[in-house]
Amino acid sequence: MEAIDSKDKKATILLMGLRRSGKSSICKVVFHNMQPLDTLYLESTSKPTTETFTSLIDLAVMELPGQLSLFEPSLYDSEKIFASIGALIYVIDSQDEYLSALQNLAVIINYAYKINPKLHIEVLIHKIDGLSEDFRLDTQRDIMQRVGDDLLDYGLEGVQVSFYLTSIFDHSVYEAFSRIVQKLVVELPQLENLLDLVMQYSGFDKVFLFDVNSKIYVATDSSPVDIQTYEVCAEFIDVTIDLDGLYEQSEEASRPTKCVSRLQSGSVLYLHRMIRGLALVAISSFGKDDPRAENPNVKNAISIIDHNVNVFKKSLETMWEGSRIR
Amino acid sequence: MAGSSRKKLLLMGRSGSGKSSMRSIIFSNYSAFDTRRLGATIDVEHSNLRFLNNMTLNLWDCGGQDIFMENFLNNSSNASSANNIFTKCEVLIHVFDVESKEVSKDIEIFQRVLKNLHQFSPEVKVFILVHKMDLIQVNKRQELFDIMMSKLQEIANEYSFKLTGFATSIWDESLYKAWSSIVCSLIPNISLYEQHLLKFNDVLNAKEIILFEKTTFLVISSTNRLISMNREDLDPKRFEKISNIIKTYKQSVNKIRTNFTNLLVNGLNSSIYLDVLTSNIYIMIIMDHSKDFDQDLGVRIDDQNLILENVKVARKLFERIEASGR
Ligand SMILES: Nc1nc2c(ncn2[C@@H]2O[C@H](COP(=O)(O)OP(=O)(O)OP(=O)(O)O)[C@@H](O)[C@H]2O)c(=O)[nH]1
Ligand SMILES: Nc1nc2c(ncn2[C@@H]2O[C@H](COP(=O)(O)OP(=O)(O)O)[C@@H](O)[C@H]2O)c(=O)[nH]1
Ligand SMILES: [Mg+2]
């Protein structure tokens with residue numbers, strides 16, 4: 001376990017929750033591209049497992065099995081764990097009776113906060129695919145209310161807890177992970193600034209920096225994220241990788257380097273490979289009065305974009321070099 | 001004249017064998033998962049699909065429950081009866097559930113269907129889909145398929161029909177392969193497409209060129225230029241996979257209420273171009289730029305704009321071919 005701010009090492013996210021709340025499923029779907037339906041056959045987890053992925057920093061997600069008591073001293077040095085992690089994700093099964101989960105959560109927060117007050121506490125209200133649209137919000141409200149009350153009882157009213165509605169059957173779980181991961185990237189403000197610049201000079205509507213494997217976005221420009229746009233960009237990565245894979249002879253390492261797709265709406269989907277398994281994916285719409293819209297191949301516009309994105313890639317390299325220095 | 005381009009396809013088989021599922025996937029953009037929502041088909045569901053320029057596929061999805069089947073089979077005593085579904089058929093697609101518990105009943109129905117077609121549409125082309133193959137262990141599939149086909153061919157001999165069989169499943173690419181063959185059997189000038197595609201590739205020297213019908217993404221024709229290149233290198237299931245990938249892409253951009261017009265994927269050793277060829281056909285060109293292309297010429301033949309120009313030229317030609325077909 002390492003401390004979050006020594007950047008040469010991994011930042012760790014701890015994943016907790018009661019049994020069958022969906023922790024392993026989340027890991028398998030997000031980090032191993034498992035089909036959501038196949039998670040039905042997952043065995044119960046009995047020992048901690050760790051998944052790693054990349055952003056500007058290396059990240060690890062460690063899953064603690066739900067049936068083990070956290071405070072069983074022979075099993076974990078829980079104090080050490082909590083002192084070293086950057087974020088705690090707690091998964092609640094929203095389709096199940098969740099009162100005992102909330103009790104468990106309050107105990108954990110109380111414990112963790114005392115050891116590591118800088119810890120980000122993130123709650124996934126999970127399996128919401130089984131709830132109706134209205135009921136989702138009711139459930140979220142109820143859970144937030146109860147957690148708030150519990151924290152008050154512990155005298156922890158100042159503690160920040162973030163809530164996310166998630167399901168492995170849509171992109172909500174990726175979106176949640178993306179937001180959680182971003183809080184751990186120290187360089188995020190600079191990255192966002194750079195992406196804002198790229199966006200401004202390239203005529204993008206939205207730009208994401210993705211970890212290609214997991215489809216978690218490690219940064220985006222400062223405009224709000226619309227889930228549909230995110231999904232289209234994330235799926236674009238898969239489409240291009242799948243097509244490319246059919247014709248590339250060499251084994252793994254080869255991934256599409258640059259992809260452009262024009263849409264009927266006048267928008268363009270754009271993917272450009274960056275360093276460290278990251279890719280920039282953007283969507284732009286050349287409005288009606290934009291001179292670039294007249295060129296059917298958007299040739300010039302694309303060369304300008306290429307140029308800007310290459311400049312961004314250089315900055316990213318520099319930033320990464322910098323971030324590795326102890 | 002209009003009538004001559006209208007092709008009647010009968011889709012038959014016992015209830016639950018998967019007829020409506022495959023129709024919805026191939027023609028209505030359902031995902032395999034969506035098909036679980038389908039109810040049993042009552043009587044006949046008609047769909048009319050424009051296919052290429054002047055062809056209408058008139059698909060009759062016939063409800064497979066016994067009452068409906070008996071009704072179809074008994075109403076056919078009178079050739080002129082409006083209830084006789086067996087007249088003027090171009091194609092029969094008979095679907096068998098590979099896990100069916102009532103094989104002899106399935107076969108009996110098949111035999112009665114053939115008997116009727118022999119009488120009312122003796123020229124009909126008969127396709128057999130041995131369906132839901134995903135439920136069978138991989139190493140047993142071929143044997144099972146062969147047994148099934150030889151049994152059915154025996155029955156068909158009685159009515160002098162030659163069967164074409166496919167093992168299919170909605171959970172993999174096999175469904176596209178089967179339907180591509182079915183639909184290609186209906187295109188009278190299919191050889192023209194092949195000839196001209198070959199000529200076109202004399203100019204481009206692409207690794208591969210594929211034509212897809214636009215709404216279904218079924219493969220119409222393809223050519224594969226580099227004879228020196230080992231064909232074994234290429235995935236034998238790539239066409240079906242491409243259909244699947246592109247349909248997924250289409251559904252993806254649908255979320256932002258648009259469709260794609262083209263797609264360019266630059267990989268390490270190859271580039272893939274997908275573009276509109278005619279109003280009914282997409283073209284996909286795969287260029288190999290691992291070696292020997294830029295050497296003699298000094299220019300890169302796979303320059304994006306050059307390819308797009310070539311596609312423009314080819315467009316005129318293929319529009320004429322399309323217009324000539326009936
Ligand atoms: N495992 C598996 N299930 C399939 C496959 N194709 C279809 N199914 C399922 O089979 C069920 C019945 O499919 P339908 O398409 O409604 O069957 P049908 O032949 O139209 O039935 P009728 O309309 O009553 O004649 C659905 O739940 C499908 O999801 C397949 O290839 N594999
Ligand atoms: N409906 C639904 N079920 C889910 C979701 N995520 C996980 N599950 C199911 O919940 C069950 C328990 O998941 P598992 O990952 O083993 O839980 P763990 O004990 O916390 O690791 C499995 O049957 C999963 O298929 C979800 O988002 N929606
Ligand atoms: Mg049906």
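Here the structure is a predicted model, which is why all the values come from computation and not from measurement. (Residues numbered from 1 in each chain as written. Chains lettered and ligands numbered in written order. Predicted model: local features only at pLDDT ≥ 70, side-chain atom pairs only at ≥ 80, totals over all residues. Heavy atoms only, no water.)

Looking only at helices and strands, chain B has 9 helices and 11 strands in total. A buried classification covers 55% of the 326 residues belonging to chain B. On chain B, roughly 14800 Å² of surface is accessible, and the fraction owed to carbon and sulfur atoms is 51%. (Helix = DSSP H or I, 4+ residues; strand = E, 2+ residues; numbered from the N terminus. Buried < 20%, exposed > 50% of the residue type's maximum accessible area, 1.4 Å probe, protein only. Areas by Shrake-Rupley, 256 points an atom, 1.4 Å probe, with all protein chains shown as cover.)

Moving on: the domain arrangement of chain B. All names here are of chain B. In terms of domain boundaries, chain B breaks down into domain 1 (5–185) and domain 2 (190–325). Where domain 1 abuts domain 2, roughly 1800 Å² becomes buried across the two surfaces, and 54% of that area is made up of carbon and sulfur atoms. Counting the surface domain 1 buries against domain 2, the share from its top three residues, Leu52, Glu173 and Tyr176, is 37%. Applying the counting rule to domain 1 against domain 2 returns 0 salt bridges. (Domains from an automatic or database assignment. Buried area = accessible area lost by both parts, 1.4 Å probe. Salt bridge = Lys/Arg side-chain N within 4 Å of Asp/Glu carboxyl O.)

Given two aromatic rings, one states the distance between the centres and the angle between the planes to describe the pair. For the structure on display, the rule yields 17 aromatic pairs over all chains. When the centroid spacing of 5.5 Å and the interplanar angle of 45° are considered together, the rings of A:Phe208 and A:Phe210 count as tilted. Residue A:Phe208 shares its accessibility class with A:Phe210, and that shared class is buried. Ring geometry for B:Tyr249 and B:Phe260: centres 5.1 Å apart, planes at 25°, overall stacked. With B:Tyr249 in helix α7 (residues 238–254) and B:Phe260 in strand β9 (residues 260–266), this pair connects stretches of sequence that are 11 residues apart. B:Phe260 matches B:Tyr249 in its accessibility class, with the two residues each being buried. (Phe/Tyr/Trp six-rings, centres within 6.5 Å; stacked < 30°, edge-to-face > 60°.)

Looking now at the site of ligand 1. Residues and elements named next belong to chain B. Lining the immediate environment of ligand 1, one finds 21 residues, of which Ser15, Lys19, Ser21, Gly64 and Asp134 sit closest. Within the side chain of Lys19, an N or O atom sits 2.7 Å from an oxygen atom of ligand 1. Residue Lys132 places a side-chain N or O atom 3.2 Å away from an oxygen atom belonging to ligand 1. Contact with the protein chains covers 87% of the free accessible surface of ligand 1, which is 660 Å². The greatest single-element share of the shell around ligand 1, amounting to 3 residues, is contributed by helix α1 (residues 19–28). For the shell around ligand 1, the class distribution of residues is 4 nonpolar, 12 polar and 5 charged. (Near = heavy atom within 4 Å. Polar contact = N/O pair within 3.5 Å; in protein donor to acceptor, adjacent residues only side chain to side chain. Nonpolar A, V, L, I, M, F, W, Y, C, P; charged D, E, K, R; others polar.)

With 36 residues of chain B in contact, the opposing surface of chain A contributes 31 residues. Around 3100 Å² of area is buried between chain B and chain A when both sides are counted, 60% of it from carbon and sulfur atoms. Applying the counting criterion to the chain B and chain A interface returns 2 salt bridges. The closest approach of N and O atoms between A:Glu235 and B:Lys255, which form a salt bridge, is 2.7 Å. Where chain B packs against chain A, one counts 15 residue pairs in polar contact (both at pLDDT 80 or more). Only β7 (208–213), α7, β9, β10 (270–278), β11 (281–288) and α9 (304–324) of chain B provide two or more residues apiece to the side of chain B that touches chain A. (Contact = heavy atoms within 4.5 Å.)

Residue and element names in this part refer to chain A. Taken together, 19 residues lie near ligand 2, and Lys23, Ser24, Ser25, Thr39 and Asp129 sit nearest. A distance of 2.5 Å separates a nitrogen atom of ligand 2 from a polar side-chain atom of Asp129. No other element matches helix α1 (residues 23–32), which puts 3 residues into the shell around ligand 2. Within the shell around ligand 2, the residues separate by chemical class into 4 nonpolar, 9 polar and 6 charged.

With that out of the way, let us pick up the sheet that holds strand β8 (residues 216–220) of chain A. Strand order across the open sheet formed by 10 strands is β8(A)-β7(A)-β11(A)-β10(A)-β9(A)-β9(B)-β10(B)-β11(B)-β7(B)-β8(B), with antiparallel pairing between neighbours. Looking at strand neighbours, the two that pair on one side only are β8 of chain A together with β8 (219–223) of chain B, the edges of this open sheet. This sheet shows a mean twist of 15° between the axes of neighbouring strands, independent of strand direction. When β10(B) meets β11(B), the two strands line up antiparallel, connected through 8 bridges. By the bridge assignment, B:Ser271 is partnered in β11(B) with B:Met287. Packing against the sheet, helix α6 (residues 188–202) of chain A makes contact with β7 (204–211), β8 and β11 (278–285) of chain A, and its axis sits at approximately 140° to β7(A). (Pairing = 2+ DSSP bridges. Axes fitted to C-alpha atoms, helices over the stretch in contact; angles between N-to-C directions.)

With that settled, the discussion passes to the confidence of the model for chain A. Caution is warranted with low-pLDDT regions, since their predicted coordinates should not be read in detail. All names here are of chain A. Overall, the predicted model of chain A reaches an average pLDDT of 82, with 84% of residues at or above 70. Across chain A, the secondary-structure element scoring lowest on mean pLDDT is strand β2 (residues 49–54), at 75, and the one scoring highest is strand β6 (residues 161–165), at 94. Contacts of residues 1–8 to residues separated by more than four positions or lying in other chains number 18 contacts, the stretch itself having pLDDT below 50. (pLDDT = per-residue confidence, 0-100.)

Glancing now at the coordination of the magnesium ion (ligand 3). Residue and element names in this part refer to chain B. Bound to the magnesium ion (ligand 3) on the protein side are Ser20 (OG) and Thr41 (OG1), at distances that span 1.9 Å. Here Ser20, found in helix α1, pairs with Thr41, found in the loop between α1 and β2 (44–51); they are 21 residues apart in sequence, far enough to count as distant. An identical accessibility class is assigned to Ser20 and Thr41; each is buried. (Donors = N, O, S within 2.8 Å, 3.2 Å for Na, K, Ca; no water.)

Another aspect to go through is unusual backbone geometry. All names here are of chain B. Of note in the backbone geometry, Asp43 takes a positive phi value of approximately 55° without being a glycine. Within the element layout of this structure, Asp43 appears in the loop between α1 and β2. Positive phi outside glycine occurs at Lys88, with the angle close to 55°. Overall, the relative accessible area of 73% leaves Lys88 in the exposed class.

In this section: the pattern of salt bridges. Taken as a whole and judged by the stated rule, the model has 20 salt bridges over all chains. With its nearest N and O atoms 3.4 Å apart, the salt bridge here joins A:Asp138 to A:Arg141. One end of the pair, A:Asp138, and the other, A:Arg141, are both in helix α4 (residues 133–153), 3 residues apart, so they sit about a helical turn from each other. For A:Asp138, a relative accessible area of 39% corresponds to the partly exposed category. One salt-bridge network, held together by shared partners, links A:Glu231, A:Glu235 and B:Lys255.

Before going further, it helps to examine the sheet that holds strand β6 (residues 163–167) of chain B. Residue and element names in this part refer to chain B. Judged by pairing direction, the sheet is mixed, and its 6 strands sit side by side in the order β2-β3-β1-β4-β5-β6 without closing on themselves. Looking at which strands have only one partner, the edges of the open sheet turn out to be β2 and β6. The sheet shows a mean angle of 20° between the axes of neighbouring strands, direction not considered. In terms of strand pairing, strand β1 (residues 6–13) meets strand β3 (residues 55–62) through 6 bridges, oriented parallel. By the bridge assignment for β3, Leu10 is matched with Trp60. Across the face of the sheet, helix α4 (residues 141–157) comes into contact with β4 (91–97), β5 (125–131) and β6 while running at roughly 160° to β6.

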